[in-house]
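# Structural features, examined
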Amino acid sequence: EVKAFDYRDEHGDVLFQAVRYDPKGFSQRRPDGKGGWIDNLQNVRRVLYRLPELLAASLDTWAFVVEGEKDADRLASHGLIATTNPCGAGKWPKVDSSPLHRRRVAVLHDNDPVGEAHRDDVARDLFGKAAELRLVELGGLPLKGDICDWLDAGHTVAELSSLLEAASPLRTAPTVAP
């Protein structure tokens, strides 16, 4: 086990964890009520990662949706509001995205087909629900690269803000690939 990421409800109570392993692997677990864990999410409400911080932020503050807890934590370490869904790309439809409704939302995706499909899932779900929705493209990413790789390459939060401001608000929802 490398790291456990707590998914908390609006009161700050842990509902479940996403656990990262080395070599790279993931699982989810929920508290058993006795100080231990049950290795599944059966009957657990699927909330967005960093939900209390998201709910505490002004609706006018940009909320970044990324493809993993590590990415959300990295952006949060720079003072940004960031979130993701549990269980990775392709699992967005299972999460309660309502805390992003009426907010300004920027979607960042991993540089691969799975990341692009995930970006489109998020955009389709939030289109018409978010106050403003922008898809931000991070140039120069390697294949499978993400916001952490982009920042590690020497890019800055100021550059990210510039890319966000340059991105046009989404005017139509992405179509589902044939």
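Just above, that's the structure.
These remarks concern the structure in this document. (Residues numbered from 1 in each chain as written. Predicted model: local features only at pLDDT ≥ 70, side-chain atom pairs only at ≥ 80, totals over all residues. Heavy atoms only, no water.)

### A look at the pairing of strand E5 (residues 62–65)
Both faces of E5 are covered, namely the face carrying Trp62 and Phe64 and the face carrying Ala63 and Val65. Relative to strand E7 (residues 104–108), E5 is paired through 4 bridges, and the arrangement is parallel. Bridge pairing in E7 places Trp62 opposite Arg104. Where E5 and strand E6 (residues 81–83) come together, 3 bridges link them in parallel fashion. Following the sheet pairing, Phe64 is matched in E6 by Ala82. For the handedness criterion, the β-α-β arrangement of E5, helix H2 (residues 69–76) and E6 is classed as right-handed. (Buried < 20%, exposed > 50% of the residue type's maximum accessible area, 1.4 Å probe, protein only. Helix = DSSP H or I, 4+ residues; strand = E, 2+ residues; numbered from the N terminus. Pairing = 2+ DSSP bridges. Right-handed = clockwise from strand over helix to strand, strands pointing away.)

### Some details on unusual backbone geometry
Cis geometry marks the peptide bond from Asp22 to Pro23; its omega dihedral reads 0°. Counting through the fold element by element, Pro23 comes out in the loop between strand E2 (14–21) and strand E3 (25–31). Phi is positive for Asn43, close to 60°, though the residue is something other than glycine. With respect to the helices and strands, the residue Asn43 is situated in the loop between strand E4 (37–38) and helix H1 (51–56). A positive phi angle, near 70°, is found at Lys144, a position not held by glycine. Tracing the sequence through the fold places Lys144 in the loop between strand E8 (132–136) and helix H4 (147–152). Classification of Lys144 as exposed rests on a relative accessible area of 59%.

### Considering the pattern of salt bridges
Applying the stated criterion across every chain yields a total of 13 salt bridges. The salt bridge partner of Arg50 is Glu53, with a shortest N-O separation of 3.6 Å. In this structure, Arg134 engages Glu132 in a salt bridge whose closest nitrogen and oxygen atoms are separated by 2.5 Å. Residue classification places Arg134 among the buried residues on the basis of a relative accessible area of 9%. (Salt bridge = Lys/Arg side-chain N within 4 Å of Asp/Glu carboxyl O.)

### A look at H2
When you tally the buried positions in H2, you get 6 out of 8 residues, the bulk of the element. Buried within H2 we find Glu69, Asp71, Ala72, Asp73, Leu75 and Ala76.

### Quick notes on the sheet that holds E3
By definition, the strands of a sheet pair up through backbone hydrogen bonds, in either a parallel or an antiparallel sense. One open sheet accounts for 4 strands, arranged E1-E2-E3-E4; its pairing is antiparallel. Across the chains shown, the open sheet's two edge strands, defined by having one partner strand only, are strand E1 (3–8) and E4. Pairing between E3 and E4: 2 bridges, direction antiparallel. Bridge assignment links Pro31 to a residue of E4, and that residue is Trp37. Strand contacts of H2: E1 and E2, with the helix running at about 75° to E1, the strand carrying the most contacts. (Contact = heavy atoms within 4.5 Å. Axes fitted to C-alpha atoms, helices over the stretch in contact; angles between N-to-C directions.)

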